[in-house]
Amino acid sequence: VDHDNVPVKPADRKFPIPIPKNACFKDAKWPHALACHPFHTLKKITIGFGFQRLTLHFVDSTDSFTYILVTSNKLETVGLLKEIQELASNVNEATFGSSGAAARLVAIENDDPLVLDALSAAIAPQSLGAVLHYQILQQRWRSGTRGNVRRVCVVTDTNVFLLDEDYIGDGSESVESAMRTGQSRNRLVDSAELKRIVEVQAADADPKAITIVIRVSSFALGHRWRLLCRDGAGAERLVE
């Protein structure tokens, strides 16, 4: 926790130490962890829709915990998945032996059906259609003091949608017993038919930034979505 009330010079212990406001990760002497789980308790990994995130499911005795790792990048997601699989395999083999480790292989699944259901529920009564592109990014504004907001941009064969995405168990809402921890839930922010898009501007100064110009009607001025992608490659794919 930043700027906590622990004395600056603790008498008998080095942890926890308050984090200065100007601290960088490389300056840290001790980690400040919100949660910590050993790899042998990792039971399942869920690959997020479009390889935009990973969800790690840990179960220790009767307690369960879910980590949602938002990467917004397919290559980073795949690399992280391979690394976590290798680490979990090594730990299981060291803990349970080769035969026991084989029985404790981490299950891998994807949440495509659940995400498609969540998107369909968010845009109802509109029809979702065929999803051509799905990307976790940020929306920003040219003026004002409002900071960037995480959004999901979904491009289908007929429409483009901008949505909020929360996850079951992240504290945004109460968890219902029938829902799976880590499952996505969406809220529609804005949408437009593809034929209403009059321009897609790639920013010259920042390769991660794009602007989508939408015409509301023939008689009304259009409005703009100013979006900031995770990297230049993600911006290029969205522009295409």
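See the structure printed just above.
The following refers to the structure shown. Per-chain numbering applies: the sequence of each chain, read as written, is numbered from 1 onward. Only residues with pLDDT of at least 70 get local features here, since the model is predicted, and only at 80 or more are side-chain atom pairs given and counted; chain-wide, interface and lining totals rely on the full set of residues. As a convention, hydrogens and water are excluded, and side-chain values are obtained from all of the structure's heavy atoms.

## A look at the layout of surface pockets
Quantified by volume, the second largest pocket comes out at close to 200 Å³. Lining the second largest pocket are 13 residues, with Val155, Leu194, Leu238, Val239 and Glu240 positioned closest to its centre. Segments assigned H or I by DSSP are reported as helices when at least four residues long, segments assigned E as strands when at least two residues long, and all are numbered from the N terminus. Every element with two or more residues in the lining of the second largest pocket is listed here: β5 (131-140), β9 (197-202), β10 (209-214) and α3 (232-239). In terms of residues, the lining of the second largest pocket owes the most to one element, α3, which gives 3 residues. Polar here means any residue outside two lists: the nonpolar Ala, Val, Leu, Ile, Met, Phe, Trp, Tyr, Cys and Pro, and the charged Asp, Glu, Lys and Arg; Gly therefore counts as polar. Tallied by class, residues from the lining of the second largest pocket come to 10 nonpolar, 1 polar and 2 charged. The rule is simple: put a 1 Å grid over the protein atoms alone, call a set of points where a 1.4 Å probe fits but cannot get out a cavity, call an open set with protein on both sides within 12 Å along at least five of seven lines a pocket, and count a residue as lining if it has an atom within 4 Å of a point. Grid points are joined across faces, edges and corners, and a volume is the space filled by probe spheres set on the points.

## Brief notes about the nonpolar core
Among buried residues, the Ala, Val, Leu, Ile, Met, Phe, Trp, Tyr and Cys ones that are joined through side-chain atoms within 4.5 Å form a nonpolar core. Working definition: with a 1.4 Å probe on protein chains only, accessible area under 20% of the residue-type maximum means buried, over 50% means exposed, and in between means partly exposed. If you look at the biggest cluster of nonpolar residues, it comprises 14 residues, and the most contacted ones within it are Cys153, Trp225, Leu227 and Leu238. Of all the secondary structure elements, the ones that give two or more residues to this core are β6 (149-156), β7 (159-167), β10, β11 (223-228) and α3. When residues of this core are assigned to their parent elements, the largest contribution, 3 residues, is made by β10. In what follows, residue pairs with any heavy atoms lying within 4.5 Å of each other are defined as contacts. Not counting the four nearest positions on each side in its chain, Leu227 is found in contact with Leu137, Gln138, Gln139, Cys153, Leu162, Lys208, Ala209, Ile210, Ile212 and Leu238.

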